[in-house]
Amino acid sequence: MANSAQARKRARQSLKNRAHNASLRTAFRTAVKKVLKAVEAGDKVAAQEVFRQSTKVLDRIADKGVFHKNKAARHKSRLSAKVKAMA
């Protein structure tokens, strides 16, 4: 257990940051799933719009350091390929 006032405060802050980062990770996964669902539905215009919105979410979360920028880039690349492959 934290003994100093500084250590107690850092423990409180880390709990709050952990909860916030967890919500951002959830938003990341949700954004990816939305694009995949739109691709499976078969509507290319809707899939492109959802991809555009999801790209912003992925970049914002990567900028905050929750995920590495390369992870976000990899997801965007794969999702983009799926959207482009639609007939």
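Right, let's walk through the structure included here. (Residues numbered from 1 in each chain as written. Predicted model: local features only at pLDDT ≥ 70, side-chain atom pairs only at ≥ 80, totals over all residues. Heavy atoms only, no water.)

**Concerning the packing of aromatic side chains**
- Summed over all chains, the structure comprises one aromatic pair.
- Taking the centre distance of 4.4 Å and the plane angle of 50° together, the rings of Phe 28 and Phe 67 count as tilted. With Phe 28 in helix 1 (residues 5–41) and Phe 67 in the loop between helix 2 (44–63) and helix 3 (69–84), this pair connects stretches of sequence that are 39 residues apart. You'll find Phe 28 and Phe 67 in the same group, each marked buried. (Phe/Tyr/Trp six-rings, centres within 6.5 Å; stacked < 30°, edge-to-face > 60°. Helix = DSSP H or I, 4+ residues; strand = E, 2+ residues; numbered from the N terminus. Buried < 20%, exposed > 50% of the residue type's maximum accessible area, 1.4 Å probe, protein only.)

**Looking at helix 3**
- With 16 residues, helix 3 extends 22 Å between its outermost C-alpha atoms, agreeing within 8% with the 22 Å of an ideal straight helix rising 1.5 Å per residue.
- By the burial criterion, the buried members of helix 3 are Ala 72, Lys 76, Leu 79, Ser 80 and Val 83. Projection of helix 3 onto a plane perpendicular to its axis shows the buried side chains occupying an angular sector of 105°, all on one side. Of the exposed residues in helix 3, the ones pointing more than 90 degrees away from its buried face are Asn 70 and Arg 78. (Expected span 1.5 Å × (residues − 1). Arc of directions from axis to C-beta.)

**Focus on the packing of helix 1 against helix 2**
- Put simply, helix 1 and helix 2 touch, their axes get as near as 9 Å, and they point 160° apart. Taken together, the axis directions place helix 1 and helix 2 in an arrangement best described as roughly antiparallel. Between helix 1 and helix 2 the crossing geometry is left-handed. Touching Leu 24, Ala 27, Phe 28, Ala 31, Val 32, Lys 34, Val 35, Ala 38 and Val 39 of helix 1 are Ala 47, Val 50, Phe 51, Ser 54, Val 57, Leu 58 and Ile 61, all from helix 2.
- Among the residues forming the contact of helix 1 with helix 2, the class breakdown is 14 nonpolar, one polar and one charged. (Axes fitted to C-alpha atoms, helices over the stretch in contact; angles between N-to-C directions. Parallel < 35°, antiparallel > 145°, perpendicular 65-115°, else oblique. Left-handed = near helix turned anticlockwise from the far one by under 90°. Contact = heavy atoms within 4.5 Å. Nonpolar A, V, L, I, M, F, W, Y, C, P; charged D, E, K, R; others polar.)

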